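Residue-level structure breakdown
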Amino acid sequence: MNIEEILNYQKKDFEIIKLERSLNESPNKKIINQIQNIVKDSQSTSAALETEAEEVLLQFNNLKKLYEDNINSFIILSKKESDTLNEAEAAEIIKLTNAMASNLNILEKKLLALAEKVNAILSGYDEAKKKYQKAKIHYKDVSENFNAEKNELSPRIAKLSEELKKMETKIESKLFTLYKEKRQDRIFPIFVEFTSNGCGGCMMELPSAQIEKLKRENMLECENCHRYIYLKQPEK
Ligand SMILES: [Zn+2]
């Protein structure tokens, strides 16, 4: 097993990782993430407000219908010729009109409360919209800056990738396959040296049976961090 080539490869690959990392940790990238969250939030706020508004509208329409029915009954009742009524009927009319008036009063109050709710929804919607638009304007600037950063780094990454490609052929294919698998799992570095009885990646001490196995096979997957621990080859 020739570990040297894959270690060289890993070293160069690390340069790419550092560049990618610097891009990911760029303040512009952080702002972009924040803005994306604002946009997501304002979208879900808008959706929630829309649902609430639909409900209020339904309530409003129901109340409006009730209100109109009450007004109509009131009008019909009040049109009755008062001189054709007997005393009991007149008393009944008074009782009914009082009930109607109180009903209308309640309905009016309910409508006012609903109107207030509608206003609150509208202003909430407005606020979400403003936040969204502000974020959108900011997003344009920041993403331009971030793209400039990316454009600056991408030729360097491309050059390194090119160099890596050339190195691939020299690497034992078995080792290269192991490397690629772990790289996908975002484990890095992948091959680590066996140091002071433990894994050079996570520093966990290996049980003696594992150390024996490592000595026999020259390589071992760490049970803790899943990197490949290799035994340093004696100097030639
Ligand atoms: Zn480990």
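Procedures and definitions
- Sequence positions are assigned chain by chain, starting from 1 and proceeding in written order.
- The predicted origin of the model limits local features to residues at a pLDDT of at least 70 and limits the giving and counting of side-chain atom pairs to 80 or more, whereas totals for whole chains, interfaces and linings rest on all residues.
- The side-chain figures draw on all heavy atoms in the structure; neither hydrogens nor water molecules are used.
- In this text, helices come from DSSP runs of H or I with a minimum length of four residues, and strands from runs of E with a minimum of two, each type numbered from the N-terminal end.
- Atoms counted for the radius of gyration: C-alpha only. Globule rule: 2.2 Å times residue count to the power 0.38.
- Buried means the residue's accessible area, taken with a 1.4 Å probe over protein chains only, is under 20% of the maximum for its type, while exposed means over 50%, and partly exposed covers the values in between.
- Accessible surface is estimated by sampling points in the Shrake-Rupley manner with a 1.4 Å probe; for residues, cover comes only from the protein chains shown.
- For this count, His and the chain ends are skipped, Lys and Arg are scored as positive, and Asp and Glu as negative.
- Every charge is mapped to an atom, namely NZ of Lys, CZ of Arg, CG of Asp or CD of Glu.
- Each metal site is built from N, O and S donor atoms within 2.8 Å (3.2 Å for Na, K and Ca), and since water is not included, such sites may look incomplete.
- Every geometry call rests on angle ranges, with four donors termed tetrahedral when all angles are between 85 and 135 degrees, four termed square planar and six termed octahedral when opposite donors are over 155 degrees apart and all others are between 65 and 115, and everything else termed irregular.

Let us look at the overall build of the chain. Along the chain, the regular secondary structure elements total five helices and four strands. The C-alpha atoms of the chain give a radius of gyration of 38 Å, which is well past the 18 Å a tight globule of 236 residues would have. In terms of principal-axis extent, the alpha carbons of the chain reach across some 125 × 45 × 25 Å. A total of 236 residues make up the chain; the buried ones form 28% of that total. Just so you have it, the chain exposes about 16500 Å², and 53% of that area is on carbon and sulfur atoms. Looking at the chain, you have 38 positive and 39 negative side-chain charges, and the mean spots of the two groups are 7 Å apart.

Before going further, it helps to spend a moment on the coordination of the zinc ion. Of the protein atoms, only Cys199 (SG), Cys202 (SG), Cys222 (SG) and Cys225 (SG) coordinate the zinc ion, at distances of 2.2 to 2.3 Å. Here the zinc ion binds four donor atoms, and the angle range of 106 to 114° at the metal identifies the geometry as tetrahedral. Positions of the donor residues of the zinc ion along the chain correspond to the pattern C-x2-C-x19-C-x2-C. Here Cys202 is found in the loop between strand 2 (198-199) and helix 5 (208-217), whereas its partner Cys225 is found in the loop between strand 3 (219-221) and strand 4 (228-230), with 23 residues between them in sequence. A relative accessible area of 26% means that Cys202 is categorised as partly exposed.

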